[in-house]
Amino acid sequence: MQRASLSRLDSLTGLRFFAAWMVVVHHFANFAGLPGLWRYQGFGATGVTFFFVLSGFVLTWSFVPGDTPPRFYWRRFARIWPLHAVTTVLALPVFYSMRDVPYDWTAIGLSFLLLHAWVPTVTTYFAGNPASWTLSCEMFFYALHPFIVRPSLALRPPALAVATAVLLALVFSVARWSPDWFSLRIVGWLLYVSPLFRVGEFVLGIGLAAALKRGFRVRLGVIPAALLVAAWFHVHYQLSADFPAELQKLTSQATYVVLPVLYAALIAAAAQLDVDGARSWLRAKPLVLLGQWSYALYLVHATIIYALIDWIGVRGNSDWNVLWLLGVSSVSIAVSAGLYYVVEHPIEQRLRAWQRLRTVAVASEAVEQT
């Protein structure tokens, strides 16, 4: 099998920051509106689509044939759960005590276990730290990955293309006809939160990485790919408002397929730069650092924003709110950096080191018994 170079893909780390900051801007709109962005305020929520595609891509790109599911699961637990637990504890006073919301310990318990996205009730899938519903999806994706990755890597690019087309057709079918099958409440959960629906984005990332490993080359640059994403935002959030009702509906449904594909193109374009050893501004050290802090930024920013709302109230719409955005972003980034160096990175390294020691001990014991 023709394989691409397994170089570090630092451009993707830099790209992660922008996706996380998109989510920050999305939630910031609940605190202070920016008139120029009011029609686009939903775009930031699509940052999670980027992360789901990226997750499938990165895990497949770094896959080693000799890896085992238990070792893989432990590494993923070490990567996401400790910081999730800490940021959930930080979030509880903000989203419950400060807002006079009764503590639902069953829902909060499910959030700690990362099972809450499976329950189609808003008070459950947004329980604890509301941003953590995506981690519930990720845990499901991780559970599947060891069983999907090998068959995907065995497929040739034409077969991968066919499988991807079938997957996207299935996603569009669910988006198109689920309102006819389910209640509005269930549809809202299904198309945004449900791990079963969002797994298509993760699998798309797996297929993309498998194609690049088989030697598929991406001819599209990062800037053109980003412009395509921006163009779709403009169509979806601005132009479609003037479309006939049926076309407006179709555009909204098509975004469940178009946007993951465009994000996949952006991810592939950035990865291709690193594979080729080409220049990439996304590999600049400050951006890589911001990318490393992006997981913490994603988990802590809403707590900071909603704490501000509780303390000083919602700000009115104003262009001057860009100063608030810069301030909130700076504080959130500073806190995320602290969480990365104090909690996320050291605990992950210790848990991984424990796994390595355990693996060596088991191997030594096996040798002694032979």
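Now for a look at the structure at hand. All of these numbers come straight from a predicted model, not from anything done at the bench.

Here is what the cut-offs are and how they apply
- Residues numbered from 1 in each chain as written.
- Predicted model: local features only at pLDDT ≥ 70, side-chain atom pairs only at ≥ 80, totals over all residues.
- Heavy atoms only, no water.
- 1 Å grid on protein atoms, 1.4 Å probe; cavity = no way out; pocket = protein on both sides within 12 Å on 5 of 7 lines; lining within 4 Å.
- Points joined across faces, edges and corners; volume = space filled by probe spheres on them.
- Helix = DSSP H or I, 4+ residues; strand = E, 2+ residues; numbered from the N terminus.
- Nonpolar A, V, L, I, M, F, W, Y, C, P; charged D, E, K, R; others polar.
- Core = buried A, V, L, I, M, F, W, Y, C linked by side-chain atoms within 4.5 Å.
- Buried < 20%, exposed > 50% of the residue type's maximum accessible area, 1.4 Å probe, protein only.
- Contact = heavy atoms within 4.5 Å.
- Axes fitted to C-alpha atoms, helices over the stretch in contact; angles between N-to-C directions.
- Parallel < 35°, antiparallel > 145°, perpendicular 65-115°, else oblique.
- Expected span 1.5 Å × (residues − 1).
- Bend = angle between axes of the 7 residues up to and from the residue.

**Here's the deal with the layout of surface pockets**
Then, in step 1: Here the largest pocket defines a volume of roughly 1,400 Å³.
Then, in step 2: Forming the boundary of the largest pocket are 45 residues, of which R16, V58, L59, R76 and R79 lie nearest the centre.
Then, in step 3: For the lining of the largest pocket, the secondary structure elements donating two or more residues are α1 (10-28), α2 (47-61), α3 (69-97), α6 (133-154), α12 (285-292), α13 (294-312) and α14 (321-369).
Then, in step 4: Per element, the largest residue contribution to the lining of the largest pocket is 8 residues, and it comes from α2.
Then, in step 5: Within the lining of the largest pocket, the residues separate by chemical class into 22 nonpolar, 11 polar and 12 charged.

**Focus on the nonpolar core**
Then, in step 1: By size, the foremost hydrophobic cluster in this structure holds 67 residues, and its most contacted members are L12, F28, F50, F57, F233, Y263 and I267.
Then, in step 2: Sorting elements by how many residues they give to this core places helix α11 (residues 245-276) first, with 12 residues.
Then, in step 3: Among residues more than four places away in sequence, those in contact with F50 are L15, R16, A19, Y263, L266 and I267.
Then, in step 4: In this structure, F52, W133, I186 and F202 belong to the second largest nonpolar core, which totals 40 residues.

**Regarding the packing of helix α7 (residues 157-181) against helix α8 (residues 184-192)**
Then, in step 1: Their axes nearest at 9 Å, the elements α7 and α8 cross at an angle of 170 degrees. With respect to their mutual orientation, α7 and α8 come out roughly antiparallel. In contact with V174, A175, S178 and P179 of α7, α8 contributes V187, L190 and L191.
Then, in step 2: Its residues assigned to classes, the contact of α7 with α8 shows 6 nonpolar, 1 polar and no charged.

**Observations concerning α3**
Then, in step 1: Its 29 residues give α3 an end-to-end C-alpha distance of 40 Å, which sits within 8% of 42 Å, the value for a rise of 1.5 Å per residue.
Then, in step 2: Of all the bends in α3, the largest measures some 35 degrees and sits at A91, one to four residues before the proline P93.

**Concerning the environment of D10**
Then, in step 1: Of note, D10 is situated in helix α1.
Then, in step 2: For D10, a relative accessible area of 18% translates into the label buried.
Then, in step 3: Along the chain, D10 and E344 lie 334 residues apart, while their C-alpha atoms are 19 Å from each other.
Then, in step 4: In this view, D10 contacts D274, L282, R283 and V288; residues no more than four positions away in its chain are not counted.

**Considering empty space enclosed by the protein**
Then, in step 1: Considering all chains together, one arrives at 1 cavity of 30 Å³ or more under this definition.
Then, in step 2: Taken as a whole, the largest cavity encloses approximately 60 Å³ of empty space.
Then, in step 3: Considering the residues around the largest cavity, the lining is formed by L167, L168, V171, F197, G200, E201, L204, Y256 and P260.
Then, in step 4: When contributions to the lining of the largest cavity are tallied by element, the ones reaching two or more residues are α7, α9 (195-213) and α11.
Then, in step 5: With 4 residues, the single largest contributor to the lining of the largest cavity is α9.

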